[in-house]
Amino acid sequence: MEAAFGSGGTFPAVLWRHVLPNSLGPVIALAALQFGAAILAISTLGFLGYGAEPPTPEWGLLISEGRNYLATSWWLTTLPGAVVVAVVLAAGRISRSIGKERA
């Protein structure tokens, strides 16, 4: 940045040509990682009963309501749980691949 300013670059030009391209990859990777963490947190709150009201479909609520029928209908709990795990792992995998691609 010092060299870009020293060669006559203005602040917006230095920001656009040097800072933004170097910081875009880590920011996108962090956003993908935080997306997976947010899905997990929302599902946990829904499972504990602090999420949306019961008519609203939510992964944590689906898992929680399926607990009552676990002995007879195991898929009511297993499938939403597997979807939550798959989405969180996919977001982590996407984040890791973006981070390695930019490094």
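Since this is a predicted model, take the numbers as computed values, not measurements.

J.: Just checking my understanding: could you explain the overall build of the protein for this structure?
T.: When helices and strands are tallied, the protein shows four helices and zero strands. Starting at the N terminus and ending at the C terminus, the protein contains elements arranged as α-α-α-α. Here the C-alpha radius of gyration of the protein, 21 Å, is well above what a compact globule of 103 residues would show, namely 13 Å. Within the protein, the fraction of its 103 residues that count as buried is 21%. Across the protein, every contact between residues at least 6 apart in sequence was considered, and the portion connecting residues at least 24 apart equals 39%.

J.: Got a minute to help me understand the packing of aromatic side chains in this structure?
T.: How two aromatic rings sit relative to each other is set out by the distance from centre to centre and by the angle between their planes. Applying the stated criterion across every chain, the model contains one aromatic pair. Taking 5.9 Å as the distance between ring centres and 80 degrees as the angle between the ring planes, the aromatic pair formed by Trp 74 and Trp 75 counts as edge-to-face. Judged by its relative accessible area of 41%, Trp 75 is partly exposed.

J.: What am I meant to see in the environment of Asn 68 here?
T.: Of note, Asn 68 is situated in the loop between helix H3 (59-66) and helix H4 (75-102). Asn 68 sits in the exposed class, given a relative accessible area of 63%.

J.: Is there a simple way to think about the packing of helix H2 (residues 11-48) against H3 in this case?
T.: A pair of packed helices can be characterised by two numbers: the angle between their axes and the separation between those axes. The interhelical angle for the contact between H2 and H3, taken along N-to-C directions, is 40 degrees, at an axis separation of 6 Å. Judged by the inter-axis angle, H2 sits oblique to H3. Crossing handedness for the pair H2 and H3: right-handed. Here Ile 39, Ser 43, Gly 46 and Phe 47 of H2 come into contact with H3, specifically with Trp 59, Gly 60, Leu 61, Ile 63 and Ser 64.

J.: Honestly, a nonpolar patch on the surface in this entry has me stumped. Any pointers?
T.: Together, Tyr 69, Leu 70, Trp 74, Trp 75, Leu 76 and Leu 79 make up a nonpolar patch on the protein surface, roughly 650 Å² of accessible area in all. Position of Tyr 69 among the secondary structure elements: in the loop between H3 and H4.

J.: Got a minute to help me understand the confidence of the model for the protein in this structure?
T.: In low-pLDDT segments, the atomic positions of the prediction should not be examined closely. For the protein, mean pLDDT is 85; residues scoring 70 or higher make up 94% of the total. Mean pLDDT across the elements of the protein bottoms out in helix H1 (residues 2-6) (69) and peaks in H3 (89).

J.: Sorry, what's going on with H2 here?
T.: Residues separated by three or four positions in an α-helix point in the same direction, a consequence of the helix having 3.6 residues per turn. Roughly 45 degrees is the biggest bend found in H2, and it falls at Leu 20, with proline Pro 21 one to four residues downstream. Once H2 finishes, Gly 49 follows within two positions and takes phi at roughly 95 degrees, a positive value.

J.: Just checking my understanding: could you explain the side chain of Ser 95 for this structure?
T.: Along the chain, the position of Ser 95 falls in helix H4. By relative accessible area, which is 9% here, Ser 95 ends up buried. Not counting chain neighbours up to four residues away, the residues in contact with Ser 95 comprise Ala 29, Ala 32 and Leu 33.

Conventions used here
- Residues numbered from 1 in each chain as written.
- Predicted model: local features only at pLDDT ≥ 70, side-chain atom pairs only at ≥ 80, totals over all residues.
- Heavy atoms only, no water.
- Helix = DSSP H or I, 4+ residues; strand = E, 2+ residues; numbered from the N terminus.
- Rg over C-alpha atoms; globule rule 2.2 N^0.38 Å.
- Buried < 20%, exposed > 50% of the residue type's maximum accessible area, 1.4 Å probe, protein only.
- Contact = heavy atoms within 4.5 Å.
- Phe/Tyr/Trp six-rings, centres within 6.5 Å; stacked < 30°, edge-to-face > 60°.
- Axes fitted to C-alpha atoms, helices over the stretch in contact; angles between N-to-C directions.
- Parallel < 35°, antiparallel > 145°, perpendicular 65-115°, else oblique.
- Left-handed = near helix turned anticlockwise from the far one by under 90°.
- Patch = residues over 30% accessible without salt bridge, like charges linked within 9 Å, V, L, I, M, F, W, Y side chains within 5 Å.
- Areas by Shrake-Rupley, 256 points an atom, 1.4 Å probe, with all protein chains shown as cover.
- Salt bridge = Lys/Arg side-chain N within 4 Å of Asp/Glu carboxyl O.
- pLDDT = per-residue confidence, 0-100.
- Bend = angle between axes of the 7 residues up to and from the residue.

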